[in-house]
Amino acid sequence: MDSASSAGSSNPPLTRAQRGAIATQACETCRSRKQKCDEQRPKCGLCQRMKLECRYREPQPTKKDKTLVEILDRLKSLEGKVDRIPLRAPIPTGFGPPQSSPSSQPSFQTETESSSPSSLLRPPHQPSTTTSLKSQPYRHATAAHKMLTWPAIQQLLLQAVPSNIGDLKSLELQGSAFIVRMQKGSPNLPLDENLQEVPFVGMQSQATRTTGGARTTFPALTRDFMHRLATAYFDTFNLIYPFMDRQNFLSDTLSRVQTEGFNGDTDSVLALLVFALGELALEGSRGHPIEGHEGRASGVRGGTAIKPPGLALFNEARKRIGFVLTECDLENVQILSLAALYYESCSRHVDFWRLTVSASLACQVMINCNTIDWDSPKGDLIKRAYWHCVNMETSLHLELDLPLTGLLALEGEVGMPSFNNTFCEADHRANQASHFEAHYTSQLALRRVCNDLHNNIYESTTGSDMPSGDGSTGPTASSLKQLASRLTQWRGMLPRELQWSEEDSAGYPTPQQTTGSGFSQALDPQLSPQQSHTGRPLFSSDLNSEPVHYPYLYDLQVALLRTRYYYARYMVHRPFVYKALHFPEQMTQEDAEGAAECLRSCLKWPLTLSPTSRRKRLVPYLFCWSQNFLGILLILHMTRYNPMLRDIRTQLCGARFEAEVNESVELMLDWIRDLKGSDRIAMWCWKILQGTYNLAEQG
């Protein structure tokens, strides 16, 4: 036994006081060996003797230290705020008189503010000029309902619609939670509408015999009626969403169900969905209005709010759709997309969203797991199906803040459609009359521009909390001007047949003059190339008269293209309105002109005019327009009472704005009023507008 051992065994254990202070920070080696560490730096004695690497953990702060850290952090934050306080009042070199900076944020308390002489003199629901707002950073959100989280808008709503405070709180939720909450309580499409069926009797092809199962026919679906419904679909819906091939459907799918009846196979489900949408197109255009308001017929036509047109055919498809959902081929994507379109036309937003997601996921599998000849007619049809899914899910993402599936990542592999497959005669006539190819590809290009615009604005507002030169933390005026120039470039590159005059957004397209032997075809499908327009506009603000019926949904194609352009222009310039509401003391002349451009972009969108608004069941993205109009109506309301916006309106918006703004407000209110009986989101919007615009309880 060595001397150290004998010394340890013979001496009594040392007391804690005799051992000295306990090591406050042992190195990792001593800690692992459970030995006392002398804490020498950079190496303790043991690690020096053993020639080991000596590492110490970072010391953990004590409770006292943590308190000190918090104090230092708060001081640092306060220093940052102090640095951003102007040393003196801003010199009024910008737009309008000097403004005081807002400083406090409204709360969601239900108490009403006490009456005072100044508050009693305000017009109904005018935002209080004595209650200031918090100068919070601008955070871009494309979903229109997120605009209601702006402090200035919240203050307006707290005074106008205090009973809806719970709804305002829900605006911070993700899009999926918002749409499910909005749809809650909405009745499902009834299942008791069906077609009478009888067993099929006749010869079957080898293909139908292979699938097995009993086949049936529907006496109500005669050969002529089926052909009429299919034609109605391809002359309307398929011109706006061209992911089906008319020639293949008529020669193969339609011919098979006409001669061999229906079963649970792909052809049967495709045919029934096309027939359902065909009946909806016919009744949605010329059917009886489901209700009226003060003598004005509703723009929702055909069936009822609960039982839309084509429901019996759609129910027959729903009975069979479960048998064909195991594949991820083109037909499967088409089936899911067709079913989603029907739900969209019936304002069933959650069902529309779920089937759109399913179509996008099936499309991803189809593209990733198959070798596709993109230059073939089928490859081009797959491109159109792909872009249909992309347009639908990106619209849901931008308008309702719903999550994406990742389908957009395949854009580089897929490419743009070229419509290189041979047209049948009916499609050729439709394209000559309505230019649906040019409308579709132009809208694809605009959608891509809009996605880039939204991403750029969003990144400019989330990259840093530091102000962008003026304390407003929003995108700069120069950056927004550059983004707006992209819209101008897109419009300048439109085909001649789609161009229109900025001074006449309701008129027929006005192609530029061509030289030489170029021929410019007339764009009114009801007129021959030799005839001229009779002086009437393409769109009218007269919603009481019977609407004009243009073949091939020509008016709807034109209205969508123009309205989406004006909507994009409104979104690009909307940050200027936010700055005017929350940072008026920092408004420059350039900022004021940007806010004026935003306001001018809201006037008389063609979608709100007749005849397009008179057949709402056929309008794409019906789910988004009501809440977009809600946001615009709130901004236009603020131009009457907010000092900065009022000055911008009177000094910069011009005579045309004053001449058309009231009519534009009435058109948007009519849109929401018209849908509130069949659309839960429209009803939610209407309840908010009732208090703001002093609307009658029943509308």
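A brief look at the structure comes next. (Residues numbered from 1 in each chain as written. Predicted model: local features only at pLDDT ≥ 70, side-chain atom pairs only at ≥ 80, totals over all residues. Heavy atoms only, no water.)

The number of helices and strands found in the protein chain is 28 helices and four strands. Considering the protein chain as a whole, with its 699 residues, one finds that 52% of them fall into the buried category. Counting contacts in the protein chain only where the partners sit at least 6 residues apart, residues at least 24 apart contribute 74% of the total. Entry remark: accessible area of the protein chain is about 32,800 Å², with carbon and sulfur atoms responsible for 52%. (Helix = DSSP H or I, 4+ residues; strand = E, 2+ residues; numbered from the N terminus. Buried < 20%, exposed > 50% of the residue type's maximum accessible area, 1.4 Å probe, protein only. Contact = heavy atoms within 4.5 Å. Areas by Shrake-Rupley, 256 points an atom, 1.4 Å probe, with all protein chains shown as cover.)

Once that is clear, we can look at empty space enclosed by the protein. Tallied over the full model, the rule gives six cavities of 30 Å³ or more. The volume enclosed by the largest cavity comes to roughly 350 Å³. Lining the largest cavity we find 26 residues, and of these Asn 391, Gln 443, Arg 447, Arg 564 and Tyr 621 sit closest to its centre. Broken down by secondary-structure element, the contributors of at least two residues to the lining of the largest cavity are helix 12 (237–240), helix 18 (377–400), helix 21 (436–462), helix 23 (554–582) and helix 25 (622–641). Per element, the largest residue contribution to the lining of the largest cavity is eight residues, and it comes from helix 21. When grouped by side-chain class, the residues that make up the lining of the largest cavity number 15 nonpolar, eight polar and three charged. (1 Å grid on protein atoms, 1.4 Å probe; cavity = no way out; pocket = protein on both sides within 12 Å on 5 of 7 lines; lining within 4 Å. Points joined across faces, edges and corners; volume = space filled by probe spheres on them. Nonpolar A, V, L, I, M, F, W, Y, C, P; charged D, E, K, R; others polar.)

The next point concerns the side chain of Ser 298. Here Ser 298 shows up in the loop between strand 4 (296–297) and helix 15 (311–321). Separated by 2.5 Å, the side chains of Ser 298 and Asp 674 make a polar contact. Contacts of Ser 298, omitting those with residues within four sequence positions, involve Pro 289, Ile 290, Glu 291, Gly 292, Arg 614 and Asp 674. (Polar contact = N/O pair within 3.5 Å; in protein donor to acceptor, adjacent residues only side chain to side chain.)

Once that is clear, we can look at the packing of helix 14 (residues 266–286) against helix 16 (residues 330–345). Working note: a packed helix pair is described by the angle between its axes plus the distance between those axes. One can describe the packing of helix 14 onto helix 16 by two numbers: an axis separation of 10 Å at closest approach and a directional angle of 25 degrees. Overall, the two elements helix 14 and helix 16 adopt an arrangement that is roughly parallel. Seen along the crossing, helix 14 lies across helix 16 with a hand that is left-handed. Where helix 14 abuts helix 16, its residues Thr 266, Val 269, Leu 270, Leu 273, Val 274, Ala 276, Leu 277 and Leu 280 lie against Glu 331, Gln 334, Ile 335, Leu 338, Ala 339, Leu 341, Tyr 342 and Ser 345. By residue class, the composition of the contact of helix 14 with helix 16 is 12 nonpolar, three polar and one charged. (Axes fitted to C-alpha atoms, helices over the stretch in contact; angles between N-to-C directions. Parallel < 35°, antiparallel > 145°, perpendicular 65-115°, else oblique. Left-handed = near helix turned anticlockwise from the far one by under 90°.)

Further remarks concern helix 16. Look at helix 16: 23 Å from first C-alpha to last across 16 residues, which is about the 22 Å you get at 1.5 Å a residue. For helix 16, the tally of buried residues reaches 15 of 16 residues, placing the bulk of the element in the interior. (Expected span 1.5 Å × (residues − 1).)

Taken as a class, soluble globular proteins show a tendency for nonpolar side chains to be buried jointly. In terms of nonpolar packing, the biggest core is built from 182 residues, with Leu 221, Phe 275, Tyr 570, Trp 625 and Ile 648 touching the most fellow members. Discounting residues that sit within four places of it in the chain, Leu 221 has contacts with Leu 195, Met 226, Leu 229, Phe 262, Leu 272, Phe 275 and Leu 313. (Core = buried A, V, L, I, M, F, W, Y, C linked by side-chain atoms within 4.5 Å.)

This paragraph deals with the packing of aromatic side chains. The relation between two aromatic rings is expressed through the spacing of the ring centres and the mutual angle of the planes. Per the counting criterion, the structure on display carries 24 aromatic pairs. Aromatic side chains Phe 419 and Tyr 440 sit 6.0 Å apart centroid to centroid with 90 degrees between the ring planes, which places their arrangement in the edge-to-face category. On the criterion of sequence distance, the pair formed by Phe 419 in the loop between helix 19 (411–414) and helix 20 (425–434) and Tyr 440 in helix 21 is long-range, its members being 21 residues apart. With respect to class, Phe 419 is no different from Tyr 440; both count as buried. One cation-aromatic arrangement involves Arg 41 over Tyr 56; the distance from NZ or CZ to the ring centre is 3.6 Å. The ring of Trp 500 has Arg 491 sitting right over it, with the charged end atom 4.0 Å from the ring centre. (Phe/Tyr/Trp six-rings, centres within 6.5 Å; stacked < 30°, edge-to-face > 60°. Lys NZ or Arg CZ within 6 Å of the ring centre and 35° of its normal.)

On to the pattern of salt bridges, then. Oppositely charged side chains can form a pair if their charged atoms are brought close together. Across all of its chains, the model carries 27 salt bridges by this definition. Lys 307 is the salt-bridge partner of Asp 192, the closest N and O atoms lying 3.9 Å from each other. Here Asp 192 is found in the loop between helix 9 (175–183) and strand 1 (198–199), whereas its partner Lys 307 is found in the loop between strand 4 and helix 15, with 115 residues between them in sequence. With a relative accessible area of 31%, Lys 307 lands in the partly exposed category. In this structure, the salt-bridge partner of Glu 597 is Arg 569, at a minimum N-O distance of 3.2 Å. Of the two residues, Glu 597 is situated in helix 24 (residues 589–600) and Arg 569 in helix 23; the sequence distance between them amounts to 28 residues. We classify Arg 569 as buried; its relative accessible area is 11%. Shared partners join several salt bridges into a network, and the residues in it are Arg 296, Arg 614, Lys 616, Asp 670, Arg 673 and Asp 674. (Salt bridge = Lys/Arg side-chain N within 4 Å of Asp/Glu carboxyl O.)

Okay, the environment of His 397 next. With respect to the helices and strands, the residue His 397 is situated in helix 18. Judged by relative accessible area, which is 27%, His 397 ranks as partly exposed. Spatially, the C-alpha atoms of His 397 and Ser 176 are 9.7 Å apart, while their sequence positions differ by 221 residues. Once you skip the residues sitting within four places of it in the chain, His 397 turns out to touch Thr 142, Leu 402 and Leu 404.

Along the chain, Tyr 233 turns up in helix 11 (residues 223–234). Considered as a pair, Tyr 233 and Gly 278 are 45 residues apart in the sequence and their alpha carbons are 4.2 Å apart. Apart from the residues within four sequence positions on either side, Tyr 233 is in contact with Asn 238, Tyr 241, Phe 243, Met 244, Val 274, Leu 277, Gly 278 and Leu 338.

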